Amino acid sequence: MTSSQEPKKQELPPTAWAMLGLLSFPGERTGYELKKWADSSLRFFYWSPAISQIYAELRRLEELGYASSARSGPEEARAKRRYAITDTGREALAGWAADTAEAGPPVLKHGLLLRIWLGHLAEPERLRAMVAEHIERTRGELASVREAMEHAADVPEWAFPALALRWSERQHLAELELAQALLTDLEELDAAAPAAGPTAGPAGRQADGDAPTPG
């Protein structure tokens, strides 16, 4: 890798590296095929890209010389542009993947928990229904993860993606356990609370001006 390429490498967001990672497996793929690959692997633990994001990242990678593309010939009824990783791109990706300092901590943005945090403004029945709906969605996602695991099981080149999917299976199982426990917590809180207005704190107690945690 040349010194002129190094600053550009540092400017790439993780989503660009993820897209280059999809290209690092054998074969050439269209943007649509990359979208399908991302939806059956990356979305379970990192990112679910829109097709516009995919093409934006592909353009960026081509400009850096990390990816190349070619249009299909007249043998296909509809012309398609297929993308592949370049040697320079593979070298850069290997360097990024080996640099643990760039990994960063996991980031959790749990939409359901944000609503639970605001539960003093909601009806208890609606909160429990939201958790129940989340449990059903999570079960559906778990089924999708397991389907992807079956698809990757017998492909030697997908051994490491299969490990990531196995982690995702465990994460979804843990999410189901946490959601079930949350549902129990809500039921117990509702049972312990006397009739109170929507702005009351836990168990009907009116909260004062202090934060619920020290600080």
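Now for a description of the structure that goes with this document. (Residues numbered from 1 in each chain as written. Predicted model: local features only at pLDDT ≥ 70, side-chain atom pairs only at ≥ 80, totals over all residues. Heavy atoms only, no water.)

Looking at the sheet that holds strand 2 (residues 67-71)
Taken in spatial order, the three strands make up an open sheet running 1-3-2, and their pairing is antiparallel. Strands at the two margins of the open sheet, each flanked by one partner only, are strand 1 (29-30) and strand 2. (Pairing = 2+ DSSP bridges. Helix = DSSP H or I, 4+ residues; strand = E, 2+ residues; numbered from the N terminus.)

Details of the environment of Ser68
Along the chain, Ser68 turns up in strand 2. In this structure Ser68 comes out as partly exposed when scored by relative accessible area, which is 34%. When the C-alpha atoms of Ser68 and Glu28 are compared, they prove to be 9.6 Å apart, with 40 residues separating the residues in sequence. (Buried < 20%, exposed > 50% of the residue type's maximum accessible area, 1.4 Å probe, protein only.)

Some points on the side chain of Ser24
Take Ser24: it is sitting in the loop between helix 2 (14-23) and strand 1. One polar contact links the side chain of Ser24 to the main-chain carbonyl oxygen of Gly21, over a distance of 2.5 Å. The contact partners of Ser24, leaving out residues within four places of it in the chain, are Ile85, Arg90 and Leu93. (Polar contact = N/O pair within 3.5 Å; in protein donor to acceptor, adjacent residues only side chain to side chain. Contact = heavy atoms within 4.5 Å.)

Quick look at the pattern of salt bridges
Under the counting rule described, the total for this entry stands at eight salt bridges. The partner of Arg43 in a salt bridge is Glu141, with the nearest N and O atoms 2.6 Å apart. Residue Arg43 is found in the loop between helix 3 (31-39) and helix 4 (51-64), and its partner Glu141 is found in helix 7 (residues 124-152); the two are separated by 98 residues along the sequence. A salt bridge links Glu133 to Arg126, with the shortest nitrogen-to-oxygen separation between them at 3.2 Å. A relative accessible area of 37% places Glu133 in the partly exposed class. With a relative accessible area of 42%, Arg126 lands in the partly exposed category. (Salt bridge = Lys/Arg side-chain N within 4 Å of Asp/Glu carboxyl O.)

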